[in-house]
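# Understanding the architecture of this molecule
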Amino acid sequence: MPGPRGLETPEAATPGARRSALWALGGAQASALVTLASGLVLARLLQPHETGTYAMAAVLVALANLFRDFGVGTYVVQEPLLTPAKLRAALGVALATAWAMALALWAGSVPFASLMNEPAVAPVLQILALNFVVIPFGSVAYSVLRRDMRFRDRATIETAAIVAQAGVGIVLAARGLGAASLAWASLANVLCTVAGTTLARPRGMPWLPAWRGTRAVLRFGAPASAAMLMRYLSESLPTLLIGRGLGAAELGLFNRAQGFAQLLQGMARGPASNVMLPALGEVRRRDDAAAARHPFEAPYVHATALVAGLALPFALTAAVLAEPLVRLLYGATWLPAVPMVLPLALAALLSVPQWFASDMLLADGRPGTVAALELTCLLLLGLLLLWALPHGTTALAWAVCAAAALSTGLRCWRLWRAFGIGWRAHWACWRPALVPGLAVLPALAVGAWLLRQSARQPWLTAAWLCLLCALGLLALRAGRHPLWAELARIARFRGNAPAVTPPAPTPASASGPAGAEDPARTAAPERRSRS
């Protein structure tokens, strides 16, 4: 497989590295488009209190999912020499934790519904608990696909699963099942994912679990799982507080505004992290200790610059055209969510520098540092939300924005301490984004005035949105933004590059899965002293 050092600079990037990133991003975009389309339909089939009911249940399920994984996926991706014995140990941990979480969710469904003052949450939780019975049969193999950079297979599986979820959700919602329709749709997604992973199962993957070797999995997974838990609590704390303090209807409006403002983050952050983490692990194993700069600096600057080129125009568009876009996409029912869009869009923009911070620290063997950072950010967010809760959902949105600014500052400081990434590197990330950002401002001003004159003309909103997209692409090209160069290279690779075939297995990995590597190749060199 081509080495991931191609992520460091555009010139060094290989067709294989870009092809992996393209498949990861393409799969996520296909899934996001299906989710957006189904969300538009479901927004007209479900009431705010029904989506709020499911959101309450989904918060607890996502929390249980962190304990279910317990860092097993990250362990599989980052382990230097992945043997069948280690995979069996990972499968044993995955089965034990997943089934324990399924039992806990089923038993705790009624008490949690009472705590949230929403009895309809209990049956939704009981349906979602079935996911945890099925998930471990495909989770370890799915992580091996990520380690092997088989993102084409993963994209196919993800797209098929999200289509199944959308179809089941829409059919059941149309039949009047309410929040339960979303829960059954989630189960359809899991079943389809496990089936697809079984078909694409890497060669040499063991079928049976084992307990020997689980200590190594748990030793790595404990701090990594704690870090994921803290991050999840930070993301879910507004949902818990609003659902408990303001009710399901207000929670539905807040979630709709947050989903709209963070649409780009939801579409791009996951696939970018999926590629970045295994690639940085390979970069670390090839690190030259005598290099003047840390080897993670160049990949971070380049990747963040690509994200910033989209994030700045998107945030400006979402903030200025919030009302006509919400009316066009979701309908007039959701217009009370508009005042929350501006602070949440600003929060999403401020969060861009921290997209890859955790991946870099995990790839450098610092899960404890990540956990400490996430805990600090969680405490800051909790204090701000508790102060804003009596003032309503708009104040809560501004509290989320303030917390995003503080957490980004903390992570940037940690990146400077760990890797020497200072303000010059961050300026290099954002400087190219100024041209497309400034280019859309006049069009946004004109568009806001026109759409206020004809607020109930959805075709005009859609046409103006298309014009803004075209203007943004022209600005990327005129400003020579790195994102435009990446798009041009991808187009050349698609037209000229031959298909990338997996490398032949080495003798050391012939008895193991496709993810196993030669220990001489994967042995990490001596690291420089850490800050």
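Each chain has its residues counted from 1, running along the sequence as written. Only residues with pLDDT of 70 or above have their local features reported here, since the model is predicted, and side-chain atom pairs are shown and tallied only from 80 upward, although totals for entire chains, interfaces and linings are computed over all residues. By convention in this description, side-chain values take in all heavy atoms of the structure and omit both hydrogens and water.

Right, let's get into the overall build of the protein chain. By the criteria applied, helices consist of DSSP H or I runs no shorter than four residues and strands consist of E runs no shorter than two, each listed in order from the N terminus. The secondary structure content of the protein chain amounts to 22 helices and zero strands. Whether a residue is buried, partly exposed or exposed follows from its accessible area with a 1.4 Å probe, protein chains only, as a fraction of its type maximum: under 20%, in between, or over 50%, in that order. Per-residue burial for the protein chain yields a buried fraction of 54% across its 531 residues. We call two residues in contact whenever any of their non-hydrogen atoms come within 4.5 Å of each other. Considering only contacts within the protein chain whose residues lie at least 6 apart along the sequence, 84% involve residues at least 24 apart. For the area figures, the Shrake-Rupley method with a 1.4 Å probe applies, and any residue is considered shielded solely by the protein chains shown. By element, 68% of the accessible surface of the protein chain is carried by carbon and sulfur atoms, the whole surface being about 23,200 Å².

What follows deals with the packing of helix H5 (residues 121-134) against helix H8 (residues 179-199). As a packed pair, H5 and H8 sit with axes 8 Å apart at the nearest point and diverge in direction by 5 degrees. Relative to H8, H5 is oriented roughly parallel. Contact residues: Val124, Ile127, Leu128, Leu130, Asn131 and Val134 in H5; Ala179, Ala180, Ala183, Trp184, Ser186, Leu187, Val190, Leu191 and Val194 in H8. With axes taken as lines fitted to C-alpha atoms, and helix axes fitted only over the stretch in contact, angles between N-to-C directions fall between 0 and 180 degrees. Reported orientations rely on four angle classes, namely roughly parallel under 35 degrees, roughly antiparallel over 145, roughly perpendicular from 65 to 115, and oblique for the rest.

Bringing helix H6 (residues 136-147) into the picture now. In a regular helix each residue adds 1.5 Å, so 12 residues correspond to 16 Å; H6 covers 17 Å between its end C-alpha atoms and thus fits that length. Those residues of H6 not exposed but buried are Pro136, Gly138, Ser139, Val140, Ala141, Tyr142, Ser143, Val144, Leu145, Arg146 and Arg147. Each helix should span, by expectation, one fewer than its residue count multiplied by 1.5 Å.

As a further point, take the confidence of the model for the protein chain. Each residue gets a pLDDT score, which is the predictor's confidence in that residue and runs from 0 to 100. This prediction gives the protein chain a mean pLDDT of 78; 82% of its residues lie at or above 70. For the stretch residues 1-16, pLDDT sits under 50, and the model shows 41 contacts to residues farther than four places along the chain or on other chains. In the model, residues 494-531 has pLDDT below 50 throughout and makes 70 contacts with residues more than four positions away in sequence or in other chains.

A few words now on the nonpolar core. Put simply, a nonpolar core is a bunch of buried Ala, Val, Leu, Ile, Met, Phe, Trp, Tyr and Cys residues held in one set by side-chain atoms that sit within 4.5 Å of each other. Counting residues in hydrophobic clusters, the biggest one holds 76 residues, and the most contacted among them are Leu105, Leu125, Phe260, Met340, Leu344 and Leu385. Top contributing element to this core by residue count: helix H2 (residues 48-69), with nine residues. Within the second largest apolar cluster, 35 residues are counted, among which are Met276, Val283, Tyr300 and Ala308.

Attention shifts here to the packing of aromatic side chains. Two rings from Phe, Tyr or Trp (for Trp, the six-membered ring) form a pair when their centres sit within 6.5 Å of each other. Planes less than 30 degrees apart are called stacked, planes more than 60 degrees apart edge-to-face, and all others tilted. In this structure the tally under the stated criterion is four aromatic pairs. Centre to centre, the rings of Phe296 and Phe419 are 5.5 Å apart; their planes meet at 50 degrees, and the pair counts as tilted. Of the two residues, Phe296 sits in the loop between helix H11 (263-285) and helix H12 (297-320) while Phe419 sits in helix H17 (residues 393-419), which places them 123 residues apart along the sequence. Residue Phe296 is classed as buried on the basis of its relative accessible area, which comes to 1%. Looking at Phe419, the relative accessible area reads 5%, which means it is buried. For the ring pair Trp355 and Phe356, a centre distance of 6.3 Å and an interplane angle of 70 degrees mean the geometry is edge-to-face. Judged by its relative accessible area of 4%, Trp355 falls in the buried class. Taking relative accessible area as the criterion, Phe356 reaches 3% and is therefore assigned buried.

So, about the side chain of Ser225. By the secondary structure assignment, Ser225 is in helix H9 (residues 214-245). Not counting chain neighbours up to four residues away, the residues in contact with Ser225 comprise Leu66, Phe70 and Gly71.

Our focus in this paragraph is a nonpolar patch on the surface. Together, Trp423, Trp427, Leu434, Leu438 and Leu441 make up an exposed nonpolar region whose accessible area comes to about 560 Å². Secondary structure elements with two or more residues in the nonpolar patch: helix H18 (423-430) and helix H19 (434-453). The element best represented in the nonpolar patch is H19, accounting for three residues. Inspection of the secondary structure puts Leu438 in helix H19. Patch definition: residues with relative accessible area over 30% and no salt bridge; like charges joined within 9 Å; nonpolar side chains (Val, Leu, Ile, Met, Phe, Trp, Tyr) joined within 5 Å. Salt bridge, as used here: a side-chain nitrogen of Lys or Arg that lies within 4 Å of a carboxyl oxygen of Asp or Glu.

Relative to the elements of secondary structure, Ser273 occurs in helix H11. Judged by its relative accessible area of 18%, Ser273 falls in the buried class. In this structure, the C-alpha to C-alpha distance between Ser273 and Met360, residues 87 residues apart in sequence, is 9.9 Å. The residues contacting Ser273, other than those within four sequence positions of it, are Arg146, Pro278, Phe356 and Asp359.

With that out of the way, let us pick up helix H14 (residues 341-350). Each full turn of the α-helix corresponds to 3.6 residues, which orients residues three or four apart in the same direction. Most of H14 is tucked away: seven of the 10 residues are buried. Those residues of H14 lying buried are Val341, Pro343, Leu344, Ala345, Ala347, Ala348 and Leu349.

Now for the state of the cysteines. Here a disulfide denotes a covalent bond joining the sulfur atom of one cysteine to the sulfur atom of another. By convention in this document, the label disulfide applies to cysteine sulfur atom pairs within 2.5 Å. Under the criterion given, the structure shown has zero disulfides. No disulfide involves Cys429; its nearest neighbouring cysteine sulfur is the one of Cys412, lying 8.9 Å away. When its relative accessible area of 1% is taken as the criterion, Cys429 is described as buried.

Take the pattern of salt bridges next. One pass over the full model with this rule turns up three salt bridges. A salt bridge links Asp153 to Arg150; the shortest N-O distance between them is 2.6 Å. Owing to a relative accessible area of 26%, Asp153 belongs among the partly exposed residues under this scheme. A cluster of three or more residues bridged by salt bridges with shared partners is formed by Arg231, Glu374 and Arg411.

Attention now moves to the side chain of Thr97. Along the chain, Thr97 falls in helix H4 (residues 84-115). Given the relative accessible area of 18%, Thr97 is considered buried. Contacts described as polar in this section are N or O atom pairs within 3.5 Å, which, within protein, must combine one atom able to donate a hydrogen with one able to accept it, while residues neighboring in sequence count only if both atoms come from side chains. Within the local environment of Thr97, its side chain forms a polar contact with the backbone oxygen of Ala94, the two atoms lying 3.3 Å apart.

A separate point is the packing of H5 against H6. At a minimum axis distance of 5 Å, the contact between H5 and H6 shows a crossing angle of 55 degrees. When the interaxial angle is binned, H5 and H6 end up oblique. Between H5 and H6, the contacting residues are Phe132, Val133 and Val134 on the first element and Pro136, Phe137 and Gly138 on the second. We call Asp, Glu, Lys and Arg charged. Ala, Val, Leu, Ile, Met, Phe, Trp, Tyr, Cys and Pro are nonpolar, and the rest, Gly among them, are polar. Partitioned by chemical class, the residues of the contact of H5 with H6 number five nonpolar, one polar and no charged.

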